[in-house]
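Given next are the chains, with one letter for each unit.
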Amino acid sequence: DAKTTQPPSMDCAEGRAANLPCNHSTISGNEYVYWYRQIHSQGPQYIIHGLKNNETNEMASLIITEDRKSSTLILPHATLRDTAVYYCIVRVAGRGGGADGLTFGKGTHLIIQP
Amino acid sequence: SAVISQKPSRDICQRGTSLTIQCQVDSQVTMMFWYRQQPGQSLTLIATANQGSEATYESGFVIDKFPISRPNLTFSTLTVSNMSPEDSSIYLCSVRGRDRGNTEAFFGQGTRLTVV
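The structure reproduced in this document is the subject of the present report. Since this is a predicted model, take the numbers as computed values, not measurements. (Residues numbered from 1 in each chain as written. Chains lettered and ligands numbered in written order. Predicted model: local features only at pLDDT ≥ 70, side-chain atom pairs only at ≥ 80, totals over all residues. Heavy atoms only, no water.)

Quick word on the overall build of chain A
Along the backbone of chain A there are zero helices and nine strands. Put simply, chain A runs from its N terminus to its C terminus through helices and strands in the order β-β-β-β-β-β-β-β-β. Over its C-alpha atoms, taken along the principal directions, chain A stretches across nearly 40 × 30 × 25 Å. Considering only intrachain contacts with a sequence separation of at least 6, the fraction spanning at least 24 residues in chain A is 59%. For chain A, the accessible area works out to roughly 5800 Å², and carbon and sulfur atoms hold 49% of it. Across chain A, 10 positive and 10 negative side-chain charges occur, with their mean positions spaced 3 Å apart. (Helix = DSSP H or I, 4+ residues; strand = E, 2+ residues; numbered from the N terminus. Contact = heavy atoms within 4.5 Å. Areas by Shrake-Rupley, 256 points an atom, 1.4 Å probe, with all protein chains shown as cover. Lys, Arg positive; Asp, Glu negative; His and termini not counted. Charge placed at Lys NZ, Arg CZ, Asp CG, Glu CD.)

See the structure below:
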């Protein structure tokens, strides 16, 4: 799996958009970008994933640059409950791609300020 | 989605003893994964447990220290053997989704182990 680089921590005001960056300059053509988050004392939770097109779901949006070397996770209206460690993970996906466990980096500790 | 239950949720154990952690999934899955999260650290994969075969361990983890059972498609156990304070961590069970093309991972709430 390609290596990812994330800032160790970020602050965001409640109600504002939280934009979390991730660099993955060695990503391969068949590797997806996944985002998970871990709220304190809980197991990680899947947020979103994408290959090259921007993706949106009920939790967040994922913006992937055209060269796929970086991406941004956007939480459009951050709440206090969004305070968590956010992990950007790059790996092969699709059918048959679930054979391996995940490689977690250090992630970004996002703190939502009231 | 998958719902994962882990038992116990936490425990305090004496050094030199062993603890077995149970992981129950609400659906049949081929592979189950065990992770360790040391205090203040990220998650590290310990091993992959397939039903009907021996678990596959990651570098730095051995079967004698972390024996794993996988008796059926919905259940697995991880044993932390001959514990020392360095084994104090959160241990998490995980499975992958079964939806077509969906390989998101689901995690249990973890077992918080303190070795004294």
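Overview of the state of the cysteines
Scanning the model with the defined rule gives two disulfides over all chains in all. At a sulfur-sulfur separation of 2.1 Å, the disulfide partner of Cys22(A) is Cys88(A). The S-S bond linking Cys22(A) to Cys88(A) shows a torsion near -80 degrees; that makes this disulfide left-handed. Separated by 66 residues along the polypeptide, Cys22(A) in strand β2 (residues 18-23) and Cys88(A) in strand β8 (residues 84-92) bring together distant segments of the chain. The buried category is assigned to Cys22(A), whose relative accessible area is 0%. Bridging Cys23(B) to Cys93(B), the disulfide has an S-S length of 1.9 Å. Residues Cys23(B) and Cys93(B) share a disulfide whose torsion about the S-S bond is about -70 degrees; that sign makes it left-handed. Taken together, the positions of Cys23(B) in strand β3 (residues 19-25) and Cys93(B) in strand β9 (residues 89-96) put the pair 70 residues apart, joining distant regions of the chain. (Disulfide = S-S within 2.5 Å. Buried < 20%, exposed > 50% of the residue type's maximum accessible area, 1.4 Å probe, protein only.)

A short note on the pairing of β9(B)
All names here are of chain B. Among the eight residues of β9, eight are classified as buried, and the element is accordingly described as predominantly covered. Going residue by residue along β9, you find Ser89, Tyr91, Cys93 and Val95 tucked away on one face and Ile90, Leu92, Ser94 and Arg96 tucked away on the opposite face as well. Note that β9 and strand β11 (residues 111-115) share three bridges and pair antiparallel. When the sheet's bridge partners are listed, Tyr91 is paired in β11 with Thr111. (Pairing = 2+ DSSP bridges.)

Some thoughts on the sheet that holds strand β9 (residues 108-113) of chain A
Residue and element names in this part refer to chain A. The five strands lie next to each other as β1-β9-β8-β3-β4, forming an open sheet whose pairing is mixed. Edge positions in the sheet fall to β1 (9-13) and β4 (45-50), since each has one partner strand and no second. Neighbour-to-neighbour, the strand axes of the sheet open up by a mean angle of 25 degrees, direction not taken into account. Examined bridge by bridge, strand β3 (residues 31-38) and β4 share five bridges and lie antiparallel to one another. Directly across from Tyr34, in β4, lies its bridge partner His49. (Axes fitted to C-alpha atoms, helices over the stretch in contact; angles between N-to-C directions.)

A word on the packing of aromatic side chains
Applying the stated criterion to the full structure yields eleven aromatic pairs over all chains. Judged by centre distance (6.3 Å) and plane angle (85 degrees), the rings of Tyr36(A) and Phe107(B) are edge-to-face. Of this pair, Tyr36(A) sits in strand β3 while Phe107(B) sits in strand β10 (residues 105-107), which puts the two residues in different chains. Of the residues examined, Tyr36(A) reaches a relative accessible area of 0% and is grouped as buried. Summarising the aromatic geometry, the rings of Phe66(B) and Tyr91(B) are spaced 6.4 Å apart at their centres and angled 45 degrees between planes, so their arrangement reads as tilted. Placement of the pair is Phe66(B) in the loop between β6 (56-57) and β7 (68-72) and Tyr91(B) in strand β9, with a sequence separation of 25 residues. (Phe/Tyr/Trp six-rings, centres within 6.5 Å; stacked < 30°, edge-to-face > 60°.)

Overview of the side chain of Arg70(B)
Residue and element names in this part refer to chain B. In this structure, Arg70 sits in strand β7. Looking at Arg70, its side chain comes within polar contact range of the main-chain oxygen of Asn72, at 3.0 Å. One polar contact links the side chain of Arg70 to the main-chain carbonyl oxygen of Leu73, over a distance of 3.2 Å. Residues contacting Arg70, with those up to four places away along its chain left out, are Val29, Thr30, Met31, Met32, Ala49, Asn50, Gln51, Gly52, Phe75 and Ser76. (Polar contact = N/O pair within 3.5 Å; in protein donor to acceptor, adjacent residues only side chain to side chain.)

Re unusual backbone geometry
Along the chain, Lys7(B) connects to Pro8(B) via a cis peptide bond; the corresponding omega equals -10 degrees. Inspection of the secondary structure assignment puts Pro8(B) in the loop between β1 (4-7) and β2 (10-13). For Arg68(A), which is not a glycine, the phi torsion comes out positive at approximately 65 degrees. The phi dihedral of Asn82(B) is positive, around 45 degrees, even though this residue is not glycine. Positionally, Asn82(B) belongs in the loop between β8 (75-80) and β9. We classify Asn82(B) as exposed; its relative accessible area is 55%.

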